[in-house]
Amino acid sequence: MITLQNLTKSYEDTTVLSIDQLEIPKGQCFGLVGNNGAGKTTLFSLLLDLIKTSTGEIVSNGIEVAKSEDWKSFTSAFIDDSFLIGYLTPEEYFYFVGELRGINKEAVDSFLEIYKDFFNDEILDQKKYLRDFSKGNQKKVGLIATFLGSPNVIILDEPFANLDPTTQIRLKQLIKKETESREITLLISSHDLNHVTDVCNRIVLLERGSVIMDKETTSKTLQELEAYFSA
Amino acid sequence: MSTSLFKLSRKKFMRAPQLEAKLAIKIIMALVVLYFGSAILIGGIVIYPAISETALDKDAISVINSVLVLIFIFEIIIRYFLQQLPVTEIKSFLLLSIPKKRIIKNVLLRSLVSIYNALPILFYLPISINMYLDDYPLKQAIVWWVSVTAFSLCLNFISFLANKNNKALAGFVVIVVLLYTCERYFETELLRAAGRFFDAVLTQPLWVAVPLSTLVLFYLITFRFLKNNLNLEGALGSKKEIARAGRYDFLDVFGSNALFLKNDLRLILRNVRPRNIVLMSFLFLFYGLIFYTTPQPQFGLVFASIFISGGFLLTYGNYVPAWDSEYYSFLMCQNISYKKYLDSKFRLMAFAVITSTVLSLPYLYFGLDVYLMILAGAFFNIGLGTWITLYGGMLNKQPLQLNVKAKAFENTQAFSGKQFLLILPKMVLPVLFFIIPATLLGSEEELNATAGLIGLGGSGILGLIFKNQILNLMVKLFAKDKHEMLKAFTQK
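For every chain, the first residue of its written sequence is number 1, and the numbers climb from 1 along that sequence. Numbering of ligands from 1 and lettering of chains from A proceed in the order in which they are written. In view of the model being predicted, local features appear only for residues whose pLDDT reaches at least 70, and side-chain atom pairs are presented and counted only at 80 or more, with totals across whole chains, interfaces and linings using the full set of residues.

Trainee: Explain the overall build of chain A here, please?
Mentor: Secondary structure summary: chain A contains 8 helices and 10 strands in total. Using C-alpha atoms as the atom set, the radius of gyration is obtained and then compared with a globule rule of 2.2 Å times the number of residues to the power 0.38. In summary, chain A has a C-alpha radius of gyration of 18 Å against a globular reference of 17 Å for 231 residues, a match within 12%. Taken along the three principal axes of its C-alpha coordinates, chain A extends 50 × 40 × 35 Å. Any residue pair is listed as a contact if its two C-beta atoms, each placed from the backbone, are within 7 Å. The long-range share in chain A, meaning contacts at least 24 apart out of those at least 6 apart in sequence, stands at 67%. Secondary structure follows DSSP: runs of H or I at least 4 residues long count as helices, runs of E at least 2 residues long count as strands, and numbering of each begins at the N terminus.

Structural data, given as structure tokens:
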């Protein structure tokens, strides 16, 4: 689904990301871990063409993301709160995103019905603009909006951060359900090793911009990661 | 504390991204301030002698006194819209061990050191000096200056209290309108009574106690207000509004573009800054009242027509992609092509021009010629003005915070020299499109207005005919600039 070739990103003389080759097959739940400054967000930003590559290329579903904008039709993402429109109510935001992905109001309403539990009665019908919601609730809106319109590629940067424990667990269940029900290529970065090893079937560990571990998730993965991070 | 605050703001400036651009802006703004400052200063110097010469039967200072109220009203309007009060910067100091009282005192005193409080020195002081030179005793000149200054500084605190409060503004406007109608139709002379007060100050200096105690009173009220509200829920926090569920379904007639029009409408209605700017753009509709009631050369009328229909372009339009800067990376990932995005912005601006043109129908009163000129100007604005504006907006690499008042002189976000240059073609091109055909086809004495109108309107129609080509060109420029824009917009 997504192929990276000779990818580097540098600012002046410091290279912040350098990946020779990486392939993410269709339907994989791909987990990215690493300490601050390892290059996780940089990688995701490159995948979304939010920043320019220094060298190399990224091909998503046969489309080179830096050259064409056709990848937008099957990709959705939530990186940070700049992915929300502060002056909209959550409903309006969902309708807006829905309409961009060709889904009408009624379909959005029935879509939201499914996630009622996840919202925990704190999101819909609140008569509040998104900018007035707490960080955690804002995040709920942004995360659910990425599933609107069944995109094939979903990119979530730190989806578990800022969420309350209940919602973290619900998010895990939700991700598992979504990935089982249809073929989604899901990319997640996280500092929460427990969660990320729980939901992802492949873990890639970045250190200073390079891949230093790339494994299918097994029962031992969590221990290995913990060993690495405590070293 | 003041010095450390000053150091902080200096660091904030020196370490800001795009320092060069900001420096250039500061320099331009310094020139603007210098210009207005010297204009006001010169006004202050010449007004007294000028009135003495023209109105021989009256005392110059009492003529000035009678219009002081109007100056105050004007001042408070300017302050309401533009003055940014240094409240929010205080947030980080609340937890330090500095007594709250001292923080508030600092805020209030610092608010006095503002460009908006230069008026007493630049304008009133020269008048008072002139009074002294004109045989008024020194004491009277000083007392007059002190009273006027005290009132002017009261306005500083009033704008503190009314900060961001639309009800206060509405109340103020209602009072002014009521006073005006009383004055005009019932001869109550309330406004003139205020002028008499300043006359009285001259004859009985003890009256100076009134403005001084008013000033102290307002200082104390503001102090108490801040003391009670200096917490995250009060003056420091952003107000939580109750969301109005505007569906704007009437816009659905615009088909697939309705989505963006609706969103832009919400952006304008729900955020302080665009709302103020759009309100300002309405004022452009009244430009005609100045232009059409005084004799003008032909090109002056062209200007007027461009202003009347293009107020929105000249104000809101200049920052067009920047209004979306808060969620720009989101938009760049959504399933929306650059072409559609730019097209939607084009339609928004065209929609605004059409609205202004319809609203300007009353100008038919000044004759069909005048309105035809407005129409021709509107065609230019839709066909070409929109694209020039959009191009100018794309050059702007400064993010905009939506729900924050614009800081007029202290910090102009989103303003660059290049952009400033792009206002020129919006003014000069229409004049050329009008004047060239009008001169070529006109006789030596008279311009051929019809040819001019066709030239001006035709240029806009040509722009519409080649809309797709222009749009494609814009898309290329836009795509080339995308990353640079993203980078700039994500830096705060």
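Trainee: Even after reading the chapter, I still don't get the overall build of chain B, so can you show me in this structure?
Mentor: The helix and strand tally for chain B stands at 20 helices and 0 strands. Burial is judged by counting other C-beta atoms within 10 Å of a residue's own C-beta: 20 or more means buried, 12 or fewer means exposed, and anything between counts as partly exposed, with every C-beta placed from the backbone. Taken over 492 residues, chain B has a buried fraction of 32%.

Trainee: Even after reading the chapter, I still don't get the domain arrangement of chain B, so can you show me in this structure?
Mentor: Accessible area lost upon the coming together of the parts is a frequently used measure of interface size. Residue ranges assigned to the domains are those given by an automatic or database domain assignment. For chain B, the assigned domains are domain 1 (18–229) and domain 2 (249–489). The distance between the C-alpha centroids of domain 1 of chain B and domain 2 of chain B comes to 35 Å.

Trainee: Any chance you could explain the interface of chain A and chain B here in plain terms?
Mentor: The interface of chain A with chain B comprises 25 residues on the first partner and 26 residues on the second. Per-element accounting of the side of chain A that touches chain B gives the leading share, 3 residues, to helix H2 (residues 90–100) of chain A. In the side of chain A that touches chain B, the residues fall into 13 nonpolar, 4 polar and 8 charged. The nonpolar class holds Ala, Val, Leu, Ile, Met, Phe, Trp, Tyr, Cys and Pro. Asp, Glu, Lys and Arg form the charged class, and all remaining residues, Gly among them, are polar.

Trainee: Any chance you could explain the sheet that holds strand E8 (residues 185–189) of chain A here in plain terms?
Mentor: In sheet architecture, strand pairing relies on hydrogen bonds along the backbone and comes in two forms, parallel and antiparallel. All names here are of chain A. DSSP-based pairing: two strands are paired if at least 2 bridges between them are found. Spatially, E6-E7-E8-E3-E9-E10 is the arrangement adopted by the 6 strands of the open sheet, whose pairing is mixed. The open sheet is flanked by strand E6 (75–78) and strand E10 (210–216), the only strands paired with a single partner. Across the sheet, the mean angle from the axis of one strand to that of its neighbour is 15°, orientation sign disregarded. Helix H1 (residues 40–47) contacts strand E3 (29–33), strand E7 (153–157), E8 and strand E9 (202–207) of the sheet and is inclined by roughly 150° relative to E7. Simply put, an axis is a line fit to the C-alpha atoms, just over the touching stretch for a helix, and the angle between two N-to-C directions goes from 0 to 180 degrees. The sheet contacts of helix H5 (residues 135–147) involve E6 and E7, and relative to E6 the element is tilted by about 170°.

Trainee: What am I meant to see in the pairing of strand E1 (residues 2–11) of chain A here?
Mentor: The two faces of the sheet receive side chains in turn, since in a regular strand these alternate between them. Residues and elements named next belong to chain A. Both E1 and strand E2 (residues 14–24) contribute to a ladder of 9 bridges, which runs antiparallel. Note on E2: the bridge partner recorded for Thr8 is Ser18. Where E1 folds back onto E2 in an antiparallel hairpin, the turn is made up of 2 residues, including Glu12, whose phi is positive at roughly 50°.

Trainee: Before we go on, may I ask you to explain the confidence of the model for chain A in this structure?
Mentor: Predicted coordinates in regions of low pLDDT should not be interpreted in detail. pLDDT is defined as a per-residue confidence score from the predictor, taking values between 0 and 100. Confidence in the prediction of chain A, expressed as mean pLDDT, is 92, and 100% of residues score 70 or more. Of all the helices and strands in chain A, helix H4 (residues 116–119) of chain A carries the lowest mean pLDDT, 88, while E7(A) carries the highest, 95.

Trainee: What exactly am I supposed to notice about unusual backbone geometry here?
Mentor: Excluding glycine, a negative phi dihedral is what most residues carry, and trans is how most peptide bonds are arranged. Residue and element names in this part refer to chain A. You will see that Asp125, though not glycine, has its phi angle at about 55°, which is positive. At Glu158, a position not held by glycine, the phi torsion is positive, near 50°. You can see Glu158 is positioned in the loop between E7 and helix H6 (165–181). Judged by C-beta crowding, with 20 C-beta atoms within 10 Å, Glu158 ranks as buried.

Trainee: Quick question: what am I supposed to make of helix H16 (residues 338–359) of chain B here?
Mentor: Each α-helix turn comprises 3.6 residues. Residues three or four places apart therefore point the same way. Residues and elements named next belong to chain B. The span one expects for a helix is its residue count, reduced by one, times 1.5 Å. The end-to-end C-alpha separation of H16 is 32 Å, in line with the 32 Å expected for 22 residues at 1.5 Å each. Listing the buried residues of H16 in full gives Leu342, Lys345, Phe346, Leu348, Met349, Ala352, Val353, Ser356 and Thr357. As for H16, its buried residues are in contact with helix H10 (258–270), helix H13 (298–315), helix H14 (320–323), helix H17 (368–395) and helix H20 (467–490).

Trainee: How should I be thinking about the confidence of the model for chain B in this particular structure?
Mentor: For chain B, per-residue confidence averages 81 on the pLDDT scale, and 85% of positions sit at 70 or higher. Here residues 407–414 of chain B is a poorly scored stretch, pLDDT under 50, and it has 16 contacts once near neighbours within four places are set aside; other chains count.

Trainee: Which parts of the structure should I look at to understand the nonpolar core?
Mentor: The nonpolar side chains of soluble globular proteins are, as a tendency, buried together. Definition of nonpolar core: a set of buried Ala, Val, Leu, Ile, Met, Phe, Trp, Tyr and Cys residues joined via C-beta atoms within 7 Å. Counting residues in hydrophobic clusters, the biggest one holds 125 residues, and the most contacted among them are Phe30(A), Tyr93(A) and Ile155(A). When neighbours within four sequence positions are excluded, Tyr93(A) is seen to be in contact with Leu84(A), Ile85(A), Leu88(A), Leu130(A), Val141(A) and Ala145(A). Core analysis: the second largest hydrophobic core is formed by 27 residues, Ile64(B), Met131(B), Phe157(B) and Val201(B) among them.

Trainee: Would you mind going over the packing of helix H6 (residues 138–161) of chain B against helix H9 (residues 209–229) of chain B with me for this structure?
Mentor: Residues and elements named next belong to chain B. At a closest axis distance of 8 Å, the pairing of H6 and H9 adopts a crossing angle of 20°. Between H6 and H9, the angle falls in the class roughly parallel. As for the relative orientation of H6 and H9, their crossing is left-handed in sense. For the pair formed by H6 and H9, the contact residues are Ser147, Ala150, Phe151, Leu153, Cys154, Phe157, Ile158, Phe160 and Leu161 on the first element and Pro211, Leu212, Thr214, Leu215, Phe218, Tyr219, Ile221, Thr222 and Phe225 on the second. Taken together, the residues of the contact of H6 with H9 sort by class into 15 nonpolar, 3 polar and no charged. Under this scheme an angle from 65 to 115 degrees is roughly perpendicular, one under 35 degrees roughly parallel, and one over 145 degrees roughly antiparallel; angles in between are oblique. The crossing is said to be left-handed when, going from far helix to near helix, the turn is anticlockwise and less than a right angle, and right-handed when the turn is clockwise.

Trainee: Can you help me understand the sheet that holds strand E5 (residues 63–64) of chain A in this one?
Mentor: All names here are of chain A. Here 4 strands make up an open sheet; going across it, the order is E2-E1-E4-E5 and the pairing antiparallel. The two strands at the open ends of the sheet, each matched to only one other strand, are E2 and E5. Both E1 and strand E4 (residues 55–60) contribute to a ladder of 5 bridges, which runs antiparallel. Each residue of the ladder has a partner; that of Thr3, found in E4, is Val59.

Trainee: Help me out: how do you make sense of the environment of Pro137(B) in this one?
Mentor: Residue and element names in this part refer to chain B. Position of Pro137 relative to the elements: it lies in the loop between helix H5 (119–133) and H6. Accessibility expressed as a C-beta count within 10 Å gives 12 for Pro137, which makes it exposed. Once the C-alpha coordinates of Pro137 and Ile354 are considered, the two residues, 217 residues apart in sequence, prove to be 59 Å apart.

Trainee: So what exactly am I meant to see when it comes to the environment of Lys52(A) here?
Mentor: Position of Lys52(A) among the secondary structure elements: in the loop between H1 and E4. Sequence spacing of Lys52(A) and Leu205(A) is 153 residues, and the spatial spacing of their C-alpha atoms is 22 Å.

Trainee: How should the pairing of E10(A) be read in this particular structure?
Mentor: In the sheet, E9(A) pairs with E10(A) via 6 bridges, with the strands oriented antiparallel. The residue bridging Leu206(A) from the neighbouring strand is Val211(A), located in E10(A).

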